[in-house]
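Chain by chain, the residues:
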Amino acid sequence: MTPALKALSVHLLTATGAVFAMLAMLAAVQAKWDLMFLWLVVAFAVDGIDGPLARKYDVKTHAPQYDGVLLDLIIDYLTYVFIPAFALFSSGLLEGWTGWFVIIVITFASVIYFADTRMKTKDKSFAGFPGCWNMVVLVLFAIEPNFWIIVGLVTILAIAMFTPLKFIHPVRTQRWRNLSLPMALAWTFFGFWAAWVDFDPQSWAHWGLVLTSVYLLLAGILQQIIPEKSA
């Protein structure tokens, strides 16, 4: 296989995220939340592997006719933001005006964030909460907290998108990557499991989701607080 064909194959892999997004949306419209999240977790897994493959096969050099970054952002907005926001609105977890408030905050803040050229830090982390609402909403479906807790959490995370707080990229942030990458893989496993059992409250996958989510949410902030040891 030529370098150009390998690079093109990576773009095509990324593009499958749009198909998974459509399948997730169709499930969401039918209120099949377990199936919707299964497709979103599959899309999340693809998003986790296409970046390393793109760098390995140097897609910018061998398949420059397609903008991989733009392709990724389009699919990420669908799978990370738009579909999870719709699901949260339609789920019954929110009451009255709070549902409208949440979907407006999530979709508006996220589209502004995704267009911000300053979203990446020098160590390949994210500056501000990176709009991973798919992860947030999946955990909310699993634990079903009071709707005021949901409103408060969404508000805090939306504000955090535009702060200097750091949030790790499990693959690209080198510091603590030996822990962060397994945590991200574990989150994917627990997320798939929770959706597979239709968010059965007896499943301990929920605890795994909460623990891994807390780490992924706070690791970057802890890195800002804890100085890195000199080599």
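Look a little higher up for the structure.
Presented here is a report on the structure given in the accompanying data block. (Residues numbered from 1 in each chain as written. Predicted model: local features only at pLDDT ≥ 70, side-chain atom pairs only at ≥ 80, totals over all residues. Heavy atoms only, no water.)

Let us now look at the side chain of Asp47. Inspection of the secondary structure puts Asp47 in helix α2 (residues 33-56). This buried residue, Asp47, is left without a salt bridge; Arg55 holds the nearest opposite charge, at 9.4 Å. Reaching out from Asp47, the side chain makes a polar contact with the side chain of Tyr80 at a distance of 2.6 Å. With residues up to four places along the chain from it excluded, the contact list for Asp47 reads Asp72, Asp76 and Tyr80. (Helix = DSSP H or I, 4+ residues; strand = E, 2+ residues; numbered from the N terminus. Buried < 20%, exposed > 50% of the residue type's maximum accessible area, 1.4 Å probe, protein only. Lys, Arg positive; Asp, Glu negative; His and termini not counted. Salt bridge = Lys/Arg side-chain N within 4 Å of Asp/Glu carboxyl O. Polar contact = N/O pair within 3.5 Å; in protein donor to acceptor, adjacent residues only side chain to side chain. Contact = heavy atoms within 4.5 Å.)

Overall, the coordinates contain 21 aromatic pairs when judged by the stated rule. On the basis of an interplanar angle of 35° and a centroid distance of 6.3 Å, the ring pair of Phe44 and Tyr80 is categorised as tilted. In this pair, Phe44 sits in helix α2 while Tyr80 sits in helix α4 (residues 68-90), placing the two residues 36 residues apart along the sequence. The pair formed by Phe44 and Tyr80 is uniform in burial state, with each residue classed as buried. Joined through ring pairs, the aromatic side chains of Trp33, Phe37, Phe141 and Phe199 make up one cluster. (Phe/Tyr/Trp six-rings, centres within 6.5 Å; stacked < 30°, edge-to-face > 60°.)

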